[in-house]
Amino acid sequence: FNKTPDATEDMLQRTAYERACIDARKKGLPLPRKPRGKPVNQPRLLFDYDNVDPKPALEPPLPTSDAAINHVPNPYVNSKLVHEKILAIRAKATIKDTCIDYAQPDDLYPKSYPYFVRGRDSMREYITSLFTKEIALYDGAMGTMIQNYSKRNRLEEEEYRGDKFKDWSCNVKGNNDMLSISQPKIISDIYKGYLEVGGSHMIGTNTFSSTTIAMADYEMEDYAYELNYEGARLARIACDEVTAADPTKPRFVVGAIGPTNRTGSISPSVEDPSARNVTFDELVETYFEQVVGLIDGGSDILNVETIFDTLNAKAALYAIGEFLEMSGLDIPVFVSGTLVDQSGRTLSGQTGEAFYASIRHAKPMCVGLNCALGASHMVPFVKKLSGVVECFMHVYSNAGLPNAMGGYDESPSDMAEAYKVFFENGWVNMVGGCCGSTPNHIAAIRECAAQYQTRKLPDVGRPKMWLSGLEDLVVDDVHNHLGLPFLNVGERCNISGSIRFKKLMMKGDYGTAMDIAKKQVEDGAHVIDINVDDGMLDGLAAMQKFVKIAVTEPEVAKVPFMLDASKFDIVLAGLKWCQGKCIVNSISLKVGEELFIEHATLLKKHGAAVVVMAFDEDGQAATESEKVRICKRSYDVLVNKVKFPPEDIVFDPNVLTIGTGMEEHANYGVDFINAVKTIKEQCPYVKISGGISNLSFGFRGVMKIRESIHAVFLHHAILESGMDVGIVNAHEMLALDDLEPDMKVLCENLVFNKTPDATEDMLQRTAYERACIDARKKGLPLPRKPRGKPVNQPRLLFDYDNVDPKPALEPPLPTSDAAINHVPNPYVNSKLVHEKILAIRAKATIKDTCIDYAQPDDLYPKSYPYFVRGRDSMREYITSLFTKEIALYDGAMGTMIQNYSKRNRLEEEEYRGDKFKDWSCNVKGNNDMLSISQPKIISDIYKGYLEVGGSHMIGTNTFSSTTIAMADYEMEDYAYELNYEGARLARIACDEVTAADPTKPRFVVGAIGPTNRTGSISPSVEDPSARNVTFDELVETYFEQVVGLIDGGSDILNVETIFDTLNAKAALYAIGEFLEMSGLDIPVFVSGTLVDQSGRTLSGQTGEAFYASIRHAKPMCVGLNCALGASHMVPFVKKLSGVVECFMHVYSNAGLPNAMGGYDESPSDMAEAYKVFFENGWVNMVGGCCGSTPNHIAAIRECAAQYQTRKLPDVGRPKMWLSGLEDLVVDDVHNHLGLPFLNVGERCNISGSIRFKKLMMKGDYGTAMDIAKKQVEDGAHVIDINVDDGMLDGLAAMQKFVKIAVTEPEVAKVPFMLDASKFDIVLAGLKWCQGKCIVNSISLKVGEELFIEHATLLKKHGAAVVVMAFDEDGQAATESEKVRICKRSYDVLVNKVKFPPEDIVFDPNVLTIGTGMEEHANYGVDFINAVKTIKEQCPYVKISGGISNLSFGFRGVMKIRESIHAVFLHHAILESGMDVGIVNAHEMLALDDLEPDMKVLCENLVFNKTPDA
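Residues numbered from 1 in each chain as written. Predicted model: local features only at pLDDT ≥ 70, side-chain atom pairs only at ≥ 80, totals over all residues. Heavy atoms only, no water.

Draft legend 1. The arrangement of the pattern of salt bridges in detail. Taken as a whole and assessed by the stated rule, the structure comprises 91 salt bridges. In this structure, aspartate 330 engages arginine 124 in a salt bridge whose closest nitrogen and oxygen atoms are separated by 2.8 Å. Remark: arginine 124 occurs in helix 4 (residues 123-133) and aspartate 330 occurs in the loop between helix 12 (310-327) and strand 5 (333-337); sequence separation between them is 206 residues. Just as aspartate 330 is buried, arginine 124 falls in that class too. For the salt bridge of glutamate 593 with lysine 641, the shortest nitrogen-to-oxygen distance reads 2.7 Å. Of this pair, glutamate 593 sits in helix 22 (residues 593-606) while lysine 641 sits in helix 23 (residues 624-642), and the two are 48 residues apart along the sequence. By relative accessible area, lysine 641 is classed as exposed at 53%. Via salt bridges that share partners, Lys704, Glu740, Asp742, Arg765 and Glu769 belong to a single interconnected network. (Salt bridge = Lys/Arg side-chain N within 4 Å of Asp/Glu carboxyl O. Helix = DSSP H or I, 4+ residues; strand = E, 2+ residues; numbered from the N terminus. Buried < 20%, exposed > 50% of the residue type's maximum accessible area, 1.4 Å probe, protein only.)

Draft legend 2. Up close: unusual backbone geometry. In this structure, serine 586 follows asparagine 585 across a cis peptide bond, with omega equal to 20°. Residue position: serine 586 is located in strand 14 (residues 583-587). Residue serine 1337 is reached from asparagine 1336 by a cis peptide bond, and omega for that bond is 15°. Note that serine 1337 resides in strand 34 (residues 1334-1338). Positive phi outside glycine occurs at glutamate 219, with the angle close to 55°. By the secondary structure assignment, glutamate 219 is in the loop between helix 9 (212-215) and helix 10 (224-245). Looking at glutamate 219, the relative accessible area reads 43%, which means it is partly exposed.

Draft legend 3. Seen up close, the sheet that holds strand 38 (residues 1400-1403). Pairing within the open sheet is parallel, and its 8 strands lie in the order 39-38-35-34-33-32-31-40. On the outer flanks of this sheet lie strand 39 (1438-1439) and strand 40 (1476-1479), each paired with one strand and no other. Looking at chain direction, strand 38 and strand 39 are connected through 2 bridges and run parallel. Considered in strand 39, the bridge of phenylalanine 1402 is made with isoleucine 1439. (Pairing = 2+ DSSP bridges.)

Draft legend 4. Up close: the pairing of strand 40. Judged by which residues are buried, strand 40 turns out to be covered on both faces: Val1476 and Ile1478 on one side and Gly1477 and Val1479 on the other are all buried. Bridge count between strand 31 (residues 1238-1241) and strand 40: 4 bridges; the pairing is parallel. Considered in strand 40, the bridge of asparagine 1239 is made with glycine 1477.

Draft legend 5. Quick peek at the environment of leucine 1501. Note on placement: leucine 1501 falls in helix 52 (residues 1492-1502). Overall, leucine 1501 belongs to the buried group, its relative accessible area being 11%. Between the C-alpha atoms of leucine 1501 and tyrosine 1107, which are 394 residues apart in sequence, the distance is 45 Å. When neighbours within four sequence positions are excluded, leucine 1501 is seen to be in contact with Ile1409, Gly1410, Ala1417, Phe1450, Ile1460 and Ala1509. (Contact = heavy atoms within 4.5 Å.)

Draft legend 6. View of the side chain of threonine 351. Relative to the helices and strands, threonine 351 resides in the loop between strand 5 and helix 13 (352-359). Here alanine 354 takes part through its backbone nitrogen, which lies 3.1 Å from a polar atom of the side chain of threonine 351. Ignoring anything within four residues of it in the chain, the contact list for threonine 351 reads Gly344, Arg345, Leu470, Glu471 and Asp472. (Polar contact = N/O pair within 3.5 Å; in protein donor to acceptor, adjacent residues only side chain to side chain.)

Draft legend 7. Layout of the state of the cysteines. Summed over all chains, the structure comprises 0 disulfides. Left unpaired, cysteine 850 is separated from the closest cysteine sulfur, that of cysteine 990, by 16 Å. Cysteine 850 gets classed as partly exposed once you look at its relative accessible area, which sits at 48%. (Disulfide = S-S within 2.5 Å.)

Draft legend 8. Inspection of the side chain of serine 498 at higher detail. In this fold, serine 498 is placed in the loop between strand 11 (487-490) and helix 17 (499-507). A relative accessible area of 5% places serine 498 in the buried class. Side-chain polar atoms of serine 498 contact the backbone nitrogen of phenylalanine 501, separated by 3.0 Å.

Draft legend 9. Seen up close, the packing of helix 45 (residues 1290-1301) against helix 47 (residues 1319-1326). Here helix 45 crosses helix 47 at 25°, and the two axes come no closer than 8 Å. Between helix 45 and helix 47, the angle falls in the class roughly parallel. Crossing angle aside, the handedness with which helix 45 passes helix 47 is right-handed. For the pair helix 45 and helix 47, the contacting residues are Gly1290, Leu1291, Met1294, Gln1295 and Val1298 in the first and Asp1320, Ile1321, Ala1324 and Gly1325 in the second. A class-by-class count of the residues in the contact of helix 45 with helix 47 yields 5 nonpolar, 3 polar and 1 charged. (Axes fitted to C-alpha atoms, helices over the stretch in contact; angles between N-to-C directions. Parallel < 35°, antiparallel > 145°, perpendicular 65-115°, else oblique. Left-handed = near helix turned anticlockwise from the far one by under 90°. Nonpolar A, V, L, I, M, F, W, Y, C, P; charged D, E, K, R; others polar.)

Draft legend 10. Region of the structure containing the sheet that holds strand 24 (residues 1052-1058). Strands sit in the order 21-28-27-26-25-24-23-22 across an open sheet of 8 strands; the sheet is parallel. Unpaired on one side and paired on the other, strand 21 (887-888) and strand 22 (953-955) mark the two borders of the sheet. Two elements, strand 21 and strand 28 (residues 1181-1184), share 2 bridges in a ladder whose sense is parallel. Across the sheet, the residue bridging to leucine 888 is valine 1182, located in strand 28. Across the face of the sheet, helix 36 (residues 975-996) comes into contact with strand 22 and strand 23 (1003-1008) while running at roughly 160° to strand 23.

Draft legend 11. The pairing of strand 6 (residues 366-374), seen in detail. Summarising burial for strand 6: 8 of the 9 residues are buried, a large majority. As paired strands, strand 5 and strand 6 are joined by 4 bridges and run parallel to one another. What sits directly across from phenylalanine 334, in strand 6, is cysteine 366. Following the chain from strand 6 across helix 14 (residues 375-386) to the adjacent parallel strand 7 (residues 392-398), one finds a crossover that is right-handed. (Right-handed = clockwise from strand over helix to strand, strands pointing away.)

Draft legend 12. Spatial organisation of the packing of helix 24 (residues 668-682) against helix 25 (residues 703-719). At a minimum axis distance of 9 Å, the contact between helix 24 and helix 25 shows a crossing angle of 20°. Here helix 24 lies roughly parallel to helix 25, going by the angle between them. Like other packed secondary-structure pairs, helix 24 and helix 25 cross with a definite hand, here right-handed. Here Gly669, Phe672, Ile673 and Val676 of helix 24 come into contact with helix 25, specifically with Phe713, His716 and Ala717. Residue composition of the contact of helix 24 with helix 25, by class: 5 nonpolar, 2 polar and no charged.

The values are spatial; any link to function lies outside them.
See the structure below:
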């Protein structure tokens, strides 16, 4: 449809790509990158300072000197210019004792325009007035006039020499400048002709070639000063004479500075492009001498003219700048370029706009074009230049093009007519003539110009960075090849960025290096970064040679350069060979402010833009705040002290490497992006750059990964923060839309540090991409792509999910009637006559004890804070206490016993006492027995904590009072007595202290320690399945301890210092049994111990997993104690406090132990360390552990009194909370496909894996563990363990597998699903799991009575349960049967067993479809429909299923099976709410992974859509 002019070109480009693809396929090569086509340019981020309307310009841009800014008149007293460099030039001059002062009396002429008096009036102001009121007149050609003179008069060698040079050693004819000395009248008359006939406001001095360099042709270098002085002096005299005749039209001397006859940018050698016959410094030196002579001769203005190599002009302007700095004068500067032909370029290749961009830093008052062309040929170039020049604009063209004889034929009227276009379009402020022009030409132009308005200065808008090579580049207007408002700086000519370039530099192969530079420009680099800074290379020589060659290569030199080195002298050397406006990379405050200012000042003089690194004297900025601080400081120094143009500042806030695996590096990307925006807000007009390759350095070798990371980083840094510039490989750059969706997510996670696994995920993807590279090289099929982080799909919500959390009034309650109804403990233990309790008392070593502790109802008042045993609920009291204040527990019993032994004798004899004086083994160290043998010691310690410490509760001296721990002292039989006496002494102490102040009742906490054996940890290095205690043995010993503690008068039970949660679960099981048998409500506390800074128990659990494992017991208070000091506990207490639903406590050690095993933290130190717990509201109760004393508790009490207690968290929707070594909230899970679904790994199931079955039969548990690990790696959240096979001892196999699995961190970190058809097998496995497991399964198939028995046992163990949709009549197949059986099971479990509904998982039977039997065809639909109904009717339950059953008829073809599963699960999960499934996570497919036709086939089959499905 011929819609665009580029349609054919675009299609040819695409055709070339398709042809390349065909070739690549034939050769087995990777496909080329697809061409992008034309990008859409993205908008640039704007800041407040970008939205300022342009304002009318009142004058051209000002130099930054005080004299220029304040328009200080030139005093014209040059004798006062005594800088040593100026004096040295005068001293060596061939003329002495000259008049160099030109001041005029203030009252010589009137004070207002158009009058002008030297020394009184500002030349700058006068030119501004003149150029804005009329088109000013410059003169015409000096050379033409001398030629014309020679046609009428003799002007040969003799006349050129005159008297002064009559004996000169070489010919001088043609040296027109010397005529100012040898024939001054000729020159004066020409001046007068332009002033009087032409009417010129300004005349240029006869000094075009008056430099030492140009005069070398005539061996007259020494006369440079005199030539300039005399050329200017004669013009001064002529101007003053003409001005005196008409002071209303003052005339001015323009010191003419020509280009010399040598060029800085062009090689004089065809063979060697790096050859030069002059250096920048030599040009500066010669121009400086010329300037001194011109000013001493009386020049008002300086004009750097006929510039065909801009590097020469920059040297002249540098020299002028130096002179003005040394003299303190404000002398206006004009600059005039020469475009040599109709290409519109200078001889050194620059366009007019690039020429202007290269010299505008010098702030000329007027810029324009002269020579080489006639006016008509200049029109397009004048038009362009006038459109960009910010100052005044001039033209003085030739009188047409030269004829065959070298003459110029354009008449005055012709030339004036040709100038009309300039006047009509308002392009100029000043005009004159060049070659071929005469006073008559100027007169004709004057008459024509008088009819027109002068050019208006352009409005002053937002300053912009304007660079140049052979062509100009406004950085603020750039968009790159991806459509981003971003300057691509090519990185491949950087020794650090390209190994190939480095090798070429080492070989000295500059020609091939130029090809790299050209390729970068072709690929989209706007600027070329040049860095040859290497320890093995002479960087100074290499930089100069590279630049000198590069500027002669049009395809390279057309773009600006970034000169890059760590050594300032290297970049400065390169800068002196660049005619364009470059960027220098870099300077920084690292060298100190003084040297920083020196560097910046030099670069400003050269007109370079500068990259400023975010370094200072203290080092590199890494954090966001440091980046901003250093950049802002640098900006203030540059702008305020150096007066550096802010638009020419490029900050590099350090792009640092992410994805290193080091946590402190993870935020580097975010810090940079955030800093960019803040820096740009605080530092108007600056640019922000960075070395982008640094970002992804950790992924080097895989370009796709690196460029994907860069794409995300740049997209956000550019469009959202305003980054402008970056050192990049343009050819490899990707747009954000080029990224695959999953790659984009991975990169965003990494760049923005969104997830803790971001680096790990990217490393996984990198490994895949590297494997793809290898596969392509070897011609192998590509490996399966890792999915990375999918987009999580929303979970289907039901009515009960949308309930707002409510404030908790108390901790979660146990399900006993006594607990629910807050029934007070009667404290009449003699009435506890369950046979198991009686049996323990019967075998005790103590008889006829008092075990009843009820108090009279009227002993104390009935309301809080009073408490009477038997009348008041302990549960209610603790709730009141813990919600009103931070309660106090006691400190360390062991520490106090040690302290006692330092003051008193406490040896073997004292430990034994009278009762054990003949004991058969040593008992020293058995602190618990002191409750029997030395009761006063223990009572005094109790009293100390109550009276000195102020503890509300004290723990009994029974930490090790179990049969298991007492076996070390052969005192197993004394377990009951130890607990009884430990509690009884505490009871007495508490009652005495309470009686003294009944408003602060004190309570006995029965301390239940961990024993000295562990259920989860093997005592054998060789055999991970070995154990030295069983769960049932632990339960038995703990039950006996509980009976003793309660009979002794305990109010509360505390399972403490738990380093193996399985032991805690056994203790809680025993407590549960006791409470069930006794019918009492006794509050339970649980305290875990995290053994080191890993934040894990000795058995490997995190604090959160520990809590998830024991929360089924409904403790009133949970917390941490022992192993660590308070300061070390902080992160773990914070985490635990964030999840615990009940009250929370801490009782830490008094710091860490010293070399002698003691604790050095003083009471005040410990209290100070606890402050963080109080300030953050993390705790309800505090105490102390090892090293703490009553004084420590007292100090903590005083500190705690100033703070609020922790608020119980709100009560929300109940959730299934499982645990292995780590916790897992099932309701919050999304799987590796982004589905709200719990992957239960099926490969450790004898029914699900032939390989696993073989390993079990062989007894190869080690390899079986590898299968389990692999499932976790592949995305299983839970491991299904099923060893139930007729050929195997399932009971033994289950126990051995679990005991080994819990010792394998990579397996045990996830929860287990214990799976068997025989209940005794799952129960046996459950007793070896410290975490919260799922048991699979129970059902009504065994009858309701046994179903309840099974469920009750599992509830006591804290397990979740899978309930199959079976009943006494068999398996549910139809939708209605699935719903009926599940609803019946739910009602029994919730109402009769009081099973937590959130811990119920229904399996409504996934049955096989696609069998060809019609009655099976609807099994998929029936299941999906039933899921939703069951979840509607049974709040909080989960729905699971064995997914592999569904596709059993298609076994052997995994792609088919997983495709069916993908469709089934997608709908069952997202549309019906299925939560759990036994799957092979590694093989699972997402719905989007399916080919469209496969998806249709699967949907037809699953939903029974067609009879042919």
